[in-house]
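Architecture at a glance
Okay, here's what each chain looks like letter by letter:
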Amino acid sequence: MSTATLTGVCPECETHLTVPPVTAGETLSCPECVLTLRVEAVEDGRLSLETVEVQLRDWGQ
């Protein structure tokens with residue numbers, strides 16, 4: 001079953017997200033809290049999302 005958009009909820013700020021089709025393992029950014037989210041699963045047009053810890057590069061400053 002193919003859908004035009006998928007929906008999910010940010011696990012951090014609980015913003016409801018509507019995104020184009022993605023697959024498990026892809027990442028996206030929450031437009032509200034700007035955290036990076038990883039798609040854990042896609043089932044019946046609903047996304048299961050987890051936050052991704054992003055490590056910033058140390059530029060030796």
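Residues numbered from 1 in each chain as written. Predicted model: local features only at pLDDT ≥ 70, side-chain atom pairs only at ≥ 80, totals over all residues. Heavy atoms only, no water.

Considering the pattern of salt bridges
The final tally for this structure, using the stated rule, is one salt bridge. Glu40 serves as the salt-bridge partner of Arg38, at 2.6 Å between the closest nitrogen and oxygen. A residue is classified by how much of its surface remains accessible, and Arg38, at 33% relative accessible area, is partly exposed. With relative accessibility at 35%, the residue Glu40 sits in the partly exposed group. (Salt bridge = Lys/Arg side-chain N within 4 Å of Asp/Glu carboxyl O. Buried < 20%, exposed > 50% of the residue type's maximum accessible area, 1.4 Å probe, protein only.)

Structural notes on the side chain of Thr15
Take Thr15: it is sitting in the loop between strand E1 (6–9) and strand E2 (16–19). By relative accessible area, which is 19% here, Thr15 ends up buried. (Helix = DSSP H or I, 4+ residues; strand = E, 2+ residues; numbered from the N terminus.)

Regarding the pairing of E2
Every second residue of E2 is oriented toward a common face, the buried set being Leu17 and Val19 and the non-buried set His16 and Thr18. As judged from the four bridges shared by E1 and E2, these two strands associate in the antiparallel manner. Bridge pairing in E2 places Thr7 opposite Thr18. Counting the residues between successive antiparallel strands, the hairpin from E1 to E2 contains six residues, one of them, Glu14, with a positive phi of roughly 65 degrees. (Pairing = 2+ DSSP bridges.)

Here's the deal with the environment of Thr51
Within the fold, Thr51 resides in strand E5 (residues 46–51). Sequence-wise, Thr51 and Glu12 are 39 residues apart; in three dimensions their C-alpha atoms are separated by 7.5 Å. With residues up to four places along the chain from it excluded, the contact list for Thr51 reads Pro11, Glu12, Leu35, Thr36 and Leu37. (Contact = heavy atoms within 4.5 Å.)

A short note on the pairing of strand E4 (residues 36–43)
Both strand E3 (residues 27–29) and E4 contribute to a ladder of three bridges, which runs antiparallel. Looking at the pairing, Leu28 lines up with Leu37 of E4. Count of turn residues in the E3/E4 antiparallel hairpin: six residues, of which Val34 carries a positive phi of about 65 degrees. The antiparallel hairpin formed by E4 and E5 contains two residues in its connecting segment, where Asp44 sits at a positive phi of about 55 degrees.

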